[in-house]
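Observations on chain architecture
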Amino acid sequence: MPALNIDFSEEELAELRATAHERGVTLKGLVREAVTGDLDRHRALARMTDVLDTFVRENAAAFDEAFPEDAPTAEQRRRRGAA
């Protein structure tokens, strides 16, 4: 299995060891969990962003109709399209 060597300061490593001990896991397991958990969160955020963007695009006209005073002007829409 591929491996990755990561350098930590003495203080960081001591904190990681203490945390692993408190959780009853190995240092390797703690670091693996932290990294894979972070990757999972980023994937979930990307999916949620895509869903939200789609929702906003599909419902923009309904929101503009329901709240005309907050609807973007043609110039604001043009700028968003260019951004």
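Below: a short report on this structure. As the structure is a computational prediction, the values presented were derived from the model and not from experiment.

Describing the packing of helix α1 (residues 10–23) against helix α2 (residues 27–66)
- Across the interface, α1 lies against α2 with an axial gap of 9 Å and an inter-helix angle of 95°. When the axis of α1 is compared with that of α2, the two are roughly perpendicular. Of α2, the residues touching α1 (which contributes Leu13, Leu16, Arg17, Thr19, Ala20 and Arg23) are Leu27, Leu30 and Glu33.

What about the environment of valine 31?
- The topology assignment puts valine 31 in helix α2.
- Counting along the chain gives 20 residues from valine 31 to valine 51, while the straight-line C-alpha distance between them is 30 Å.

Concerning a nonpolar patch on the surface
- On the surface, a nonpolar cluster with roughly 490 Å² of combined accessible area is contributed by Leu52, Phe55, Val56, Phe63 and Phe67.
- The topology assignment puts phenylalanine 63 in helix α2.
- Its relative accessible area of 44% is what places phenylalanine 63 among the partly exposed residues.

Structural notes on the pattern of salt bridges
- Overall, the coordinates contain three salt bridges when judged by the stated rule.
- Close ionic contact of arginine 23 with glutamate 33 constitutes a salt bridge, the shortest N to O distance being 3.7 Å. Here arginine 23 is found in helix α1, whereas its partner glutamate 33 is found in helix α2, with 10 residues between them in sequence.
- The class of arginine 23 is exposed, set by a relative accessible area of 52%.
- According to the relative accessible area criterion, glutamate 33 is partly exposed, its value standing at 47%.
- Of the charged contacts, one joins arginine 43 and aspartate 40 as a salt bridge, the two residues approaching to 2.5 Å between their closest N and O atoms. With arginine 43 and aspartate 40 both in helix α2, this residue pair falls three residues apart, about one helical turn.
- Residue aspartate 40 is classed as partly exposed on the basis of its relative accessible area of 42%.

Points about the packing of aromatic side chains
- Under the criterion given, the structure shown has one aromatic pair.
- Between phenylalanine 55 and phenylalanine 63, the aromatic rings sit 6.3 Å apart at their centres with planes inclined by 75°, giving edge-to-face as the arrangement.
- When its relative accessible area of 41% is taken as the criterion, phenylalanine 55 is described as partly exposed.

Points about α1
- Relative to the 20 Å expected for 14 residues at 1.5 Å per residue, α1 spans 20 Å between its end C-alpha atoms, a close match to the ideal helical length.
- Looking one or two residues beyond α1, the residue adopting positive phi is glycine 24, at roughly 70°.

Cut-off values and rules
Residues numbered from 1 in each chain as written. Predicted model: local features only at pLDDT ≥ 70, side-chain atom pairs only at ≥ 80, totals over all residues. Heavy atoms only, no water. Axes fitted to C-alpha atoms, helices over the stretch in contact; angles between N-to-C directions. Helix = DSSP H or I, 4+ residues; strand = E, 2+ residues; numbered from the N terminus. Parallel < 35°, antiparallel > 145°, perpendicular 65-115°, else oblique. Contact = heavy atoms within 4.5 Å. Patch = residues over 30% accessible without salt bridge, like charges linked within 9 Å, V, L, I, M, F, W, Y side chains within 5 Å. Areas by Shrake-Rupley, 256 points an atom, 1.4 Å probe, with all protein chains shown as cover. Salt bridge = Lys/Arg side-chain N within 4 Å of Asp/Glu carboxyl O. Buried < 20%, exposed > 50% of the residue type's maximum accessible area, 1.4 Å probe, protein only. Phe/Tyr/Trp six-rings, centres within 6.5 Å; stacked < 30°, edge-to-face > 60°. Expected span 1.5 Å × (residues − 1).

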